[in-house]
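# Residue-level structural notes
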Amino acid sequence: MDRKLEKKTWTPRRIAAIFGGVVLLGGIIYQIGFADHRSTMNVDKDRLSIATVSKGEFTDYILVSGQIEPARTVFLDAIEGGMVNQVIRESGALLKKGDTILVLTNSNLQLDVMQRETMLYEQINNLRQTRLLLDQNDLNQQGQLAEIDYQISLLEPQYKRFKELHEKKLVSDREFEEVKEQYEYNVKRRKLTYTSYRNDSIARSFQLNQLRQSEGRMNASLNGVGNILNNLVITAPIAGQLATPQQLEIGQAINPGQRYGQIDILDEFKVRVPIDELYLPRISQGLRGKFTLSGQDYELEISKIYPTITNGRFEVDMVFPGESPEGIRRGQSVRIRLELGQSEQSLLLPTGGFFKDTGGNWVFVLNPSTEIAEKRTIRLGRKNPEFYEVLEGLVEGEKVIVSGYENFGDNEVLELK
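Right, let's walk through the structure included here. What you see is a predicted model; the values in this text were computed from it and never measured.

### Examining the overall build of the protein chain
- When helices and strands are tallied, the protein chain shows four helices and 22 strands.
- For the protein chain, the C-alpha radius of gyration of 53 Å lies well beyond 22 Å, the compact-globule estimate for 417 residues.
- Overall size of the protein chain, expressed as C-alpha extent along the three principal axes, is 225 × 60 × 40 Å.
- Going through the 417 residues of the protein chain one by one, you find that 32% of them count as buried.

### Re empty space enclosed by the protein
- This model, assessed by the stated rule, comprises one cavity of 30 Å³ or more.
- Roughly 50 Å³ of internal volume is contained in the largest cavity.
- Every residue lining the largest cavity is listed: Val87, Arg89, Glu90, Ser91, Ile101, Leu102, Leu242, Thr244, Gln246, Gln247 and Leu248.
- Its residues placed into classes, the lining of the largest cavity shows five nonpolar, four polar and two charged.

### As for the sheet that holds strand E2 (residues 50-52)
- Overall, mixed pairing links the six strands, which are arranged E1-E22-E18-E17-E21-E2 in an open sheet. A single partner strand is all that each edge strand has here, and the edge strands are strand E1 (40-43) and E2. Within this sheet the neighbouring strands show an average axis-to-axis angle of 35°, counted without direction.
- Note: strand E18 (residues 372-377) against strand E22 (residues 413-416), three bridges, orientation antiparallel. Bridged to alanine 373 within E22 is leucine 414.

### Some details on the pattern of salt bridges
- Tallied over the entire structure, the rule returns 25 salt bridges.
- Note that glutamate 389 and arginine 382 form a salt bridge whose closest N and O atoms lie 3.1 Å from each other.
- Overall, arginine 382 belongs to the partly exposed group, its relative accessible area being 24%.
- The structure contains a network of salt bridges with shared partners spanning Glu69, Lys270, Arg272, Glu315 and Asp317.

### Re the side chain of arginine 272
- Within the element layout of this structure, arginine 272 appears in strand E11 (residues 259-276).
- Of note is the side chain of arginine 272, whose polar atom sits 3.4 Å from the side chain of glutamate 315.
- Ignoring anything within four residues of it in the chain, the contact list for arginine 272 reads Gly66, Gln67, Glu69, Tyr306, Glu315, Val316 and Asp317.

Each value, and the rule that gives it
- Residues numbered from 1 in each chain as written.
- Predicted model: local features only at pLDDT ≥ 70, side-chain atom pairs only at ≥ 80, totals over all residues.
- Heavy atoms only, no water.
- Helix = DSSP H or I, 4+ residues; strand = E, 2+ residues; numbered from the N terminus.
- Rg over C-alpha atoms; globule rule 2.2 N^0.38 Å.
- Buried < 20%, exposed > 50% of the residue type's maximum accessible area, 1.4 Å probe, protein only.
- 1 Å grid on protein atoms, 1.4 Å probe; cavity = no way out; pocket = protein on both sides within 12 Å on 5 of 7 lines; lining within 4 Å.
- Points joined across faces, edges and corners; volume = space filled by probe spheres on them.
- Nonpolar A, V, L, I, M, F, W, Y, C, P; charged D, E, K, R; others polar.
- Pairing = 2+ DSSP bridges.
- Axes fitted to C-alpha atoms, helices over the stretch in contact; angles between N-to-C directions.
- Salt bridge = Lys/Arg side-chain N within 4 Å of Asp/Glu carboxyl O.
- Polar contact = N/O pair within 3.5 Å; in protein donor to acceptor, adjacent residues only side chain to side chain.
- Contact = heavy atoms within 4.5 Å.

Functional significance is not addressed by these values, which are geometric in nature.
Structure, rendered in structure tokens:
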């Protein structure tokens, strides 16, 4: 007898189909919502430089190189030109003030000095001759006054006697008139002569004063002309060490105004430091730096800033706040740690080649649970030769790839092998 078979709902085929569909749907949902679609690149971990973000004291400083120079230098420029006749002191010699360094010779200058001296002597003689003539004229006028006074002294008593006798009718009118006329003429003549002498004396006094001033100036010029030849003997204006850019030889020509050397005062030193123009707004007087010499640290302080920029650099002078180190020499180079600000606690990321590829805007940060490094946006602040100051995007203890990123392209995830 036939039996009716019941159709099964959950057959193995149906179950397998449903299961397969669920798995497929789940895969699609995962790919759409949860799968990592970021571009990935495999890299060799041993070829990377990895640093740890740490918290510590950030010191804002730069490393610069400076050169030791004397704190005071006197340059030697030729006042007069000529040929080197004698070299008395050579470069490196220690000088006392007044020591002779060079002796020059200049025949044209010597001839010119002789001509100028002759001309000045002639002018001085002319002034003296003029003064002699003024003195002679003064004496002549004084002689005229003396002669008139003598005549008056003779005529005055005679005039008085004749006047009395004329009043008594003892002398004639004619005789009295002759004596009177002679006396009055000499009195009037004396007044006129004295007036002329007084005016001439005032003018003569003014002229003599001018002559004395002119003679004084000419004598000073004469001394100056004589001292011109002294400029051919070059002496040390101060005590110190002589330095010349090149060895001076006998017969070498030196032009007027030419700098042939300098004298360094060796009791005090400074350091001349070139600095990149990028730091000019941050450099000020009083900033300090340190350098190490023979295992000992020494401090320096900026005393002068030269704002002129040459080849992308400006220069500063740094001095020793205390005593200068022993044994330093002119021209010696030192490596200086120049501080630009106060130290403070910050989050620190060691420097590396990544910065030139990212500009400090992002880095690859290692995932502590997997062997991958992920791209992350950050913000950096100040920089010194050792560390960057981290402002945002990283926390203490995270590991960051700090070597160059030029081979990573646009990948956002690195799988470390």
